[in-house]
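Structural features, examined
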Amino acid sequence: MIGLISATAAGAAARGRLAAAWPDRTRVYDGPVGDAVRRAFAECEQLVCFLATGAVVRLVAPLLSDKTSDPGVVCVDEAGRFAVPVVGGHAGGANELALAVGELLGAQPVVTTATDAVGIPGLDTLGLPVEGDVAGLTRALLDGEPVALAAEVAWPLPPVPFAERGSYTVRLTDRAVEPAAGEVLLRPPSLVVGVGASRGAPVDEVLDLVEGVLREAGLSARSLAELATVDAKRDEPGIVEAARRLGVPVVTYTAEELAGVEVPNPSDAPLAAVGTPSVAEAAALIGGGELLVPKRKSAGVPATATCAVVRRPGRGRLAVVGLGPGARDLLTPRAKAELERASVLVGLDQYVDQIRDLLRPGTRILESGLGAEEERARTAVAEARRGRSVALIGSGDAGVYAMASPALAEASDDIDVVGVPGVTAALAAGAILGAPLGHDHVSISLSDLHTPWEVIERRVRAAAEADIVVTFYNPRSRGRDWQLPKALSILAEHREPTTPVGVVRNASRPDGTARLTTLTELDPAWVDMMTVVTVGNTATRNIAGRMVTPRGYRWQENSPENSPASSQESSQEGAL
């Protein structure tokens with residue numbers, strides 16, 4: 001919950017905007033400001049104070065206890081110009097809260113945390129348990145000193161400028177070790193413990209078994225990801241309570257699923273009880289990985305619980321990111337976040353140049369030239385399979401004539417794949433032209449590099465006969481100069497010579513151009529590979545220099561509505 005505190009009418013107005021935008025996340029604290037801050041500090045995970053920074057500092061200072069548990073506090077000035085994280089930038093989430101508050105109120109976030117200021121992710125923000133001299137290692141990173149990564153477990157991390165050797169080392173491990181001097185331990189959730197239990201198994205017996213097995217194997221309980229078992233035991237109190245005390249979820253599988261897992265120690269007892277020859281080992285191994293500890297029984301007489309431990313490799317992550325048509329303000333916030341998260345970036349060199357300044361220090365860039373789409377897709381998938389966080393970029397929307405198709409054709413279910421939509425060239429061009437895509441529309445690429453012309457021509461004819469607005473991608477190049485005239489001639493068989501046609505080059509970019517012409521007046525020489533050509537249907541009109549396709553077909557009816565004035569009125573009505 002986010003506590004909201006203000007002292008003036010202006011602050012209360014801004015506070016009200018936050019409360020209205022986040023009704024389920026916020027709680028307004030009225031009354032004397034000091035009392036309100038104290039109550040909110042005790043009851044909420046975060047605070048937004050519409051007060052002077054000095055006042056907030058004096059009010060919260062006596063309340064501070066520990067940076068890992070104190071609420072994050074954001075201060076917003078009376079004019080709503082700035083949102084300043086004062087306490088708990090990382091651990092309390094104040095930095096992210098300031099960004100969200102700034103976006104909602106139009107305020108400028110002022111983040112002073114050193115790592116955020118220079119674009120390096122703080123080790124305490126990675127979502128992994130961390131041990132050791134984090135402050136010292138962070139200072140080394142900020143001072144440009146070499147910091148090494150010793151990864152005993154493959155796990156996707158955001159970009160950090162690691163070196164081969166350094167005065168400090170980040171050790172990524174699930175082993176039960178203590179950090180050495182100059183070392184920080186990161187604990188990935190790489191361990192899965194499969195658990196079987198008799199009905200009524202005591203929680204202490206289950207917990208002692210799990211903790212004892214991990215301890216004897218030299219494994220850290222802080223790297224435990226989950227307890228896994230058969231679905232018949234999803235509500236077994238001993239398992240449920242043991243998981244709660246360990247701070248991990250219980251994940252269950254059907255007996256049929258577990259019976260299909262090959263295990264070293266099958267048994268008739270679980271087969272008779274729940275329908276599978278193995279629970280502990282099968283539940284741990286079902287997601288793949290290395291069996292570190294085979295089935296072990298608890299110390300009770302008779303034993304009422306079993307467990308097995310598996311180390312699962314970190315699943316690599318592939319984000320297929322659409323960069324939009326080129327303008328920075330048309331790059332979505334989600335795309336920007338994925339670019340900052342990726343430790344490996346794969347893309348066409350000219351697209352990499354567009355967003356190079358957004359990448360964090362330590363990002364490894366794998367760029368190549370035109371015509372290497374399949375190679376880039378294979379490279380991105382291979383990097384993700386090595387357990388890395390990868391962004392594969394494309395212009396517009398990555399799923400439209402771009403990198404998503406070849407990447408997903410290469411990828412299997414051994415990596416996580418995330419699609420990040422982008423503004424397409426057709427949409428960017430349509431916004432410049434007016435509203436040409438107001439009704440049914442289709443995009444067709446005229447490049448016959450990957451598609452036979454016979455197929456392309458059949459699709460153009462189908463669109464022409466169906467009276468659908470058409471946007472042509474890849475319309476014309478030096479080596480392909482006849483396809484666009486041929487496509488236009490096909491459309492001309494079904495549309496009037498005066499049909500509006502929009503020609504947009506480099507949509508949204510500083511050197512972008514646009515012109516509105518007609519089917520007969522279009523000069524193919526205006527068009528190149530950086531251009532999209534949008535051809536209207538029989539209802540599309542040029543209204544005040546804008547290309548408009550109505551949402552309905554009333555303009556085609558033989559009625560008074562068919563006059564230009566009525567047509568314009570219909571267009572405005574359809575946009576409501």
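See above for the structure.
Residues numbered from 1 in each chain as written. Predicted model: local features only at pLDDT ≥ 70, side-chain atom pairs only at ≥ 80, totals over all residues. Heavy atoms only, no water.

Thoughts on the overall build of the chain
Summing up its helical and strand segments, the chain has 19 helices and 29 strands in all. C-alpha extents for the chain along the principal axes are approximately 90 × 65 × 50 Å. The burial tally for the chain puts 47% of its 576 residues in the buried class. Pairs at least 24 residues apart make up 63% of the contacts formed inside the chain by residues separated by at least 6 positions. Distance from the positive charge centre (55 side chains) to the negative charge centre (71 side chains) of the chain: 2 Å. (Helix = DSSP H or I, 4+ residues; strand = E, 2+ residues; numbered from the N terminus. Buried < 20%, exposed > 50% of the residue type's maximum accessible area, 1.4 Å probe, protein only. Contact = heavy atoms within 4.5 Å. Lys, Arg positive; Asp, Glu negative; His and termini not counted. Charge placed at Lys NZ, Arg CZ, Asp CG, Glu CD.)

Focus on the pattern of salt bridges
On inspection of all chains with the given rule, the structure shows 29 salt bridges. Arginine 364 is paired through a salt bridge with glutamate 383; the nearest N and O atoms lie 2.5 Å apart. Here the residue arginine 364 occupies a position in strand β19 (residues 364-368), and glutamate 383 occupies one in helix α14 (residues 373-385), the gap between them amounting to 19 residues. In this structure glutamate 383 comes out as buried when scored by relative accessible area, which is 7%. Here glutamate 383 and arginine 386 are joined by a salt bridge, their closest N and O atoms 3.1 Å apart. Taken together, the shared-partner salt bridges in this structure form one network comprising Asp204, Glu241, Arg244 and Arg245. (Salt bridge = Lys/Arg side-chain N within 4 Å of Asp/Glu carboxyl O.)

Considerations on the sheet that holds strand β12 (residues 191-197)
With respect to topology, 5 strands assemble into an open sheet ordered β14-β13-β12-β16-β15, the strand pairing being mixed. Each edge of the open sheet is held by one strand with a lone partner, namely β14 (250-253) and β15 (290-297). Here the strands of the sheet are splayed against their neighbours by 25° on average, with no regard to which way each runs. Where β15 and strand β16 (residues 305-311) come together, 5 bridges link them in antiparallel fashion. The residue bridging lysine 297 from the neighbouring strand is threonine 306, located in β16. Where helix α7 (residues 203-216) meets the sheet, its contacts fall on β12, β15 and β16, and the angle it forms with β16 comes to roughly 35°. Relative to strand β13 (residues 224-230), helix α8 (residues 237-246) is tilted by about 175°, and along the sheet it contacts β12, β13 and β14. (Pairing = 2+ DSSP bridges. Axes fitted to C-alpha atoms, helices over the stretch in contact; angles between N-to-C directions.)

As for α7
Between the first and last C-alpha of α7 there are 20 Å, a value that for 14 residues agrees with the 20 Å anticipated at 1.5 Å per step. Three or more residues of α7 are buried, namely Val203, Glu205, Val206, Leu207, Leu209, Val210, Gly212, Val213 and Leu214. Contact partners of the buried residues in α7: β12, α8, β15 and β16. (Expected span 1.5 Å × (residues − 1).)

Side note on the nonpolar core
Core analysis: the biggest nonpolar cluster contains 24 residues, and Val193, Val195, Leu214, Leu227, Leu246 and Val309 have the highest contact counts within it. Contributing elements (two or more residues each) for this core: β12, α7, β13, α8 and β16. The greatest single-element share of this core, amounting to 7 residues, is contributed by α7. With sequence-adjacent residues up to four places away left out, valine 193 is seen in contact with Val210, Leu214, Leu224, Glu226, Leu227, Ala228, Cys307, Ala308 and Val309. Residues Leu446, Ala464, Leu491 and Val503 belong to the second largest nonpolar core, which totals 21 residues. (Core = buried A, V, L, I, M, F, W, Y, C linked by side-chain atoms within 4.5 Å.)

What about the environment of threonine 520?
Tracing the backbone through its elements, the reader meets threonine 520 in the loop between β26 (513-518) and β27 (531-535). On the accessibility criterion, threonine 520 (55% relative accessible area) is exposed. A sequence separation of 10 residues divides threonine 520 from methionine 530, and the C-alpha atoms of the two residues are 22 Å apart.

Things to note about the pairing of strand β17 (residues 317-322)
Most of β17 sits inside the fold, with 6 of its 6 residues counted as buried. Side chains Arg317, Ala319 and Val321 project from β17 onto one buried face, and the interleaved Leu318, Val320 and Gly322 project onto a second face that is buried too. By the bridge criterion, 6 bridges tie β17 to strand β20 (residues 389-394) in an arrangement that is parallel. Bridging across to β20, valine 321 finds its partner in isoleucine 393. Examined bridge by bridge, β17 and strand β21 (residues 416-420) share 5 bridges and lie parallel to one another. Bridged to valine 320 within β21 is glycine 419.

Considering unusual backbone geometry
Glycine aside, negative phi is the norm for most residues, and most peptide bonds take the trans geometry. Cis rather than trans, the peptide bond between valine 301 and proline 302 has omega equal to -5°. With respect to the element layout, proline 302 can be found in the loop between β15 and β16. We note that asparagine 506 has phi near 50°; this positive angle belongs to a residue other than glycine. By secondary structure assignment, the location of asparagine 506 is in the loop between β25 (500-505) and β26. Its relative accessible area of 7% is what places asparagine 506 among the buried residues. Backbone geometry places serine 508, a non-glycine residue, at a positive phi of 80°.

With respect to the sheet that holds strand β22 (residues 434-435)
In spatial order, the strands read β22-β29-β28; together these 3 strands make up an open sheet with mixed pairing. Each edge of the open sheet carries a strand with a single partner, namely β22 and β28 (541-543). In this structure, β28 lies alongside strand β29 (residues 546-548), joined through 3 bridges in antiparallel fashion. Residue arginine 541 lies in a different strand from β29, and its bridge partner there is valine 548.

What about the side chain of glutamate 281?
Relative to the elements of secondary structure, glutamate 281 occurs in helix α11 (residues 280-285). Within the buried set, glutamate 281 has no salt-bridge partner at all; the shortest N-O distance to an opposite charge, 6.1 Å, is to lysine 295. If we skip the residues at most four places from it in the chain, glutamate 281 touches Val263, Pro264, Asn265, Leu291, Pro294, Lys295 and Ala308.

Here we look at the packing of aromatic side chains
By the definition in use, this model includes 2 aromatic pairs. When the ring of tyrosine 401 is compared with that of tyrosine 473, the centres are 4.8 Å apart and the planes differ by 50°; the resulting orientation is tilted. Of the two residues, tyrosine 401 is situated in the loop between β20 and α15 (404-410) and tyrosine 473 in strand β24 (residues 469-473); the sequence distance between them amounts to 72 residues. The class for tyrosine 473 is buried, based on a relative accessible area of 10%. For the ring pair tryptophan 453 and tryptophan 482, a centre distance of 5.0 Å and an interplane angle of 70° mean the geometry is edge-to-face. Of this pair, tryptophan 453 sits in helix α17 (residues 453-465) while tryptophan 482 sits in the loop between β24 and α18 (483-492), and the two are 29 residues apart along the sequence. Taking relative accessible area as the criterion, tryptophan 482 reaches 42% and is therefore assigned partly exposed. A cation over an aromatic ring shows up here: arginine 25 above the ring of tryptophan 22, its NZ or CZ 4.4 Å from the ring centre. In this arrangement the basic side chain of arginine 515 is found over the ring face of tryptophan 526, its NZ or CZ atom lying 4.0 Å from the centre. (Phe/Tyr/Trp six-rings, centres within 6.5 Å; stacked < 30°, edge-to-face > 60°. Lys NZ or Arg CZ within 6 Å of the ring centre and 35° of its normal.)

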